[in-house]
Each structure stands twice: as structure tokens, then as C-alpha cells.
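# Tertiary structure, described
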Amino acid sequence: MRVALAEDGALFREGLQLLLQAAGHEVVAVAAGGDELLGLLASTPADVAVLDIRMPPEPDGGLATAERIRGKWPEMGLLFLSHYAESHYLMRILDIGTDAIGYRLKEKVGSVEVLTDTLGRIAAGEIVIEPVLAKRLVERPRGEKKDEVAALSQRELDVLRLMAEGRSNAGIAGQLYVTPKAVEKHIASIFTKLNLHTDAAESHRRVLAVLTYLRSQRGDD
Amino acid sequence: MRLEPAPSDDPLLSVAPQARRRREREQWQRRRRLERQLHDGAALRASALALQLGLFQHRVPEAERELRTAIGALQDELHAVLQELRDVAAQIYPPLLDEAGLGPALRELAERRDLPVRVRDDGGRFGAAAEGAVYFALVEALGSDTGPLEVTVRGEDGTLVATVRGAGPAVRELLTDRARPLGGTVRTVDPAAGGGPDTIVARIPCE
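Residues numbered from 1 in each chain as written. Chains lettered and ligands numbered in written order. Predicted model: local features only at pLDDT ≥ 70, side-chain atom pairs only at ≥ 80, totals over all residues. Heavy atoms only, no water.

### Considering the packing of helix α9 (residues 169-176) of chain A against helix α10 (residues 180-193) of chain A
Residue and element names in this part refer to chain A. Spelled out, the test is: Axes, fitted as lines to C-alpha atoms, cover a helix only where it is in contact. Angles between the N-to-C directions of the axes lie from 0 to 180 degrees. To qualify as a helix, a DSSP run of H or I must reach at least 4 residues; to qualify as a strand, a run of E must reach at least 2; elements of each kind are numbered from the N terminus. In these notes the angle categories are as follows: under 35 degrees is roughly parallel, over 145 is roughly antiparallel, 65 to 115 is roughly perpendicular, and the rest is oblique. Every residue pair with non-hydrogen atoms within 4.5 Å of one another is taken to be in contact. Charged residues are taken to be Asp, Glu, Lys and Arg, nonpolar residues to be Ala, Val, Leu, Ile, Met, Phe, Trp, Tyr, Cys and Pro, and polar residues to be all remaining types, Gly included.
The interhelical angle for the contact between α9 and α10, taken along N-to-C directions, is 105°, at an axis separation of 8 Å. It follows that α9 is roughly perpendicular to α10 by the angle criterion. Only Pro180, Val183, Glu184 and Ile187 of α10 make contact with α9, whose side of the interface consists of Asn169, Ile172 and Ala173. Class assignment of the residues belonging to the contact of α9 with α10 gives a composition of 5 nonpolar, 1 polar and 1 charged.

This is the structure in C-alpha cells:
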């Protein structure tokens, strides 16, 4: 895969470049900021751009850069890396796009396997959400949602968490060592219990529906 | 209820409070700088270390299962270290408050801790001191046993105006303690003007 990378911390940037190369990816552009990366991308095509959220142009250059990348090269995947996993940024990221996009903690992409899984899913058009954040959202639903989520079985909670990470049915099945058929059953049961009506086959809409459900509070529209 | 002393035109009387305000503002800016220092220094080094460990892990032959697992455990430990650094940073000066302002920071906190607070804001920014003062006063208030709060944040002629509905005596006192050193005031809203006994307005001048 051809990967472009923008990160202002030299130590982390160099480490990530080496790990990407070890994972067999071609690092086609490396920059310390968003403007510099856009300059490089003008002459070098890439499949996925990896962006630090908090980098120049300040204050959140990664987001501004991503918007410009989506405008110019809508096919290019986007992976945001940050020192913080905040739902504020998750929502801003999903405003930029809901396909081929990801948000992960910097120290959680530190293995060849995780990097490859993350980049592969993004390149395949999926949404990838930091598991630490997905877990927090599932464990801390707001207001009246607490009772509904509490009604789920442990297995269904596992499936809900993996759905909130943006995983496909096949991905969830792989993580839980069950058949995709079993996953479908769990999802149907979850959607009934939570009163969610979404086409369960459509993975993008599903992750948005799940996130909206988990974040909404009593009295919200 | 404590009352703010009337503003004085006497230069001799107003010099000392102005110096105090400046020092107070500097304290808040120092907190923000400390958080940035943690982020750009220790946190970034620890994250880079996690990547280097990943590289070692990749170079270890597949057969060396134990060594590979041990390296993975070190990475998990680094994640735990970073989570602790994040907790500390949030208590010094929350990065989201610095980057996105009062509305997003308070909403994120409410969501994480399931706190009974709703925040409306116009997206305006008011500087590290005024924003920090309101944020930490409300965090402290919500940490103690307070009922649901409704907070509205807006700017008015270089002043941060925070209206808090549902504010009991504790909220009023905490806000007053944080606002006064910055030259701010906390007042009850006149019921005739749509307020109630539990609605207060904090006004803090921005730097």
C-alpha cells in the first residue's frame, strides 16, 4: 500500500515510517505538517494518508488537511492519529467522511499486525474507530440508554463494541471466533433490544447509528 | 452573598488588583503550557517507544513466541503509562479545553463521567484564564453532589458570560472563588429578567 504521512513530532514520525516499511508498505510522502504534505501529494499519489490531528497548521491541522485531501482526492483513505481518543474529534472526523476513514491512538498502532489491519480496513472503505474509545462509549451509555444496554447479554455487548469499532460482520466473526451467521443473529437481537432500525447489512450507516445511539442523551433530538 | 467591590478610579487602589489579575492569568497560562509540554515531550516519547518496540517484535523470529508476547506486554504497559499521563494532563489543563473551548470540553467530560450537565455555547473563545476558571469551577461543583446544571456560554464585549441554571450555593461559591481573582463577578439573575433563585451569571473579563 502507498502511504503518506504527516506528523510534527520527529521521533514518532520516524518510528512510524520504519514500522510502515517493516509492514511492507511504501511510504511515498513524509511531512511535518499538513501544508507540506499537500504539496508532496500533488505529485505523488497515495492510497492512505496518515495524519496527526494536532499538527501545523494549528490548532488541529490534521482535520483541516483531511478536508482538503477529501476535496482533491476523494478516493484516498484517511487515518487520524492522536494522543487523545475523544468523541469530540470522532464526530468531527465523521463529519469529514464516513468511508475509508479511521481514528486511532498513537501508541495503539505500534505493531505490524495492528497497522496492517487498520490500514487494510481503511483502504477497503471501512470506518476504523479506536477500540479504547468504542469500549468507553459502550460501557458508558448515557441516561435512559443505560437500562437498554444493560439488557444485552455479554456476547451481544462484545458484538456492540466491535460494531462501534466499525468492524464488518466478517471482522466481528473473526474477532470472536464465531460464524458470520451467528454474528448476524446477535446483531438482529441487539437492534431489537435497542430499538434501532437500520439496514444491518450496511456497515457505514450501522456504525453511525450505533455511535449516535450511544452518545445521545435524554431529551436530545 | 459576597459582593464585588465597586470599581475604583483611584490609580493607587487599582494597581494592586491589576497586578493580582495578571498573576492569576499567568497561572492559567502556565497550566496550559505544562499540559502542552507533557503532550509534546513525555507523551510523544512514550508513543514513539511503543512503535520501536513494535519494530523489535517484528524482527523477532516467529518461533520466539515468549519474547514476542513479552514485547506486546511492554507495549500494553506503555499504554497504561500514557493513560495515567492523560489523567494528569486533564487535571492540569484539559487539552480539549485548550484546543476547542469550554463547550466541547464540558460536553466531553459530561459524556465520560455521565455528569448531569448540558452546555450550550456559541463557539467563541475567551483565553486560557477565563475558560479554565469556569471549567474547573464547574468540574469541582459536579464532582460534589449537585443537581443537574444547564450552562450557557457566550461572549459579550471582551467578557465571558456563563449562565448557570440549577446552581446551588456550592456552585455559586466555587464560581465566585475562580472568577474574582480574574476581576470577574457572579450574580443572581433577576427573576423579572427570566432568572430564578438558582440561576446565576458569571462574567469574567478575557485577556
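Moving on from the coordinates now.
### Observations concerning the pairing of strand β5 (residues 101-105) of chain A
Residue and element names in this part refer to chain A. Convention followed: Remark: exposure states derive from per-residue accessible area (1.4 Å probe, protein chains only) relative to the maximum for the residue type, with buried under 20%, exposed over 50%, and partly exposed in between. Whether two strands pair depends on DSSP finding at least two bridges between them. Think of it like this: strands point away, you trace from the first strand over the helix to the second, and a clockwise trace means the crossover is right-handed.
Here β5 lies mainly inside the structure; 5 of its 5 residues are buried. Both strand β4 (residues 77-82) and β5 contribute to a ladder of 5 bridges, which runs parallel. Within the sheet, the bridge partner assigned to phenylalanine 80 lies in β5 and is tyrosine 103. Crossover β4 to β5 through helix α4 (residues 87-96) is right-handed.

### Comments concerning the sheet that holds strand β1 (residues 2-6) of chain A
All names here are of chain A. Ordered in space as β2-β1-β3-β4-β5-β6, the 6 strands form an open sheet in which the pairing is parallel. Where the open sheet ends on each side, the last strands, each with one partner, are β2 (26-31) and β6 (127-129). Averaged over all adjacent pairs, the angle separating strand axes in this sheet is 20°, with direction ignored. Docked against the sheet, α4 engages β4, β5 and β6, running at close to 160° with respect to β5. Along the sheet, helix α5 (residues 112-123) makes contact with β1, β3 (48-52), β4, β5 and β6, crossing β4 at roughly 140°.

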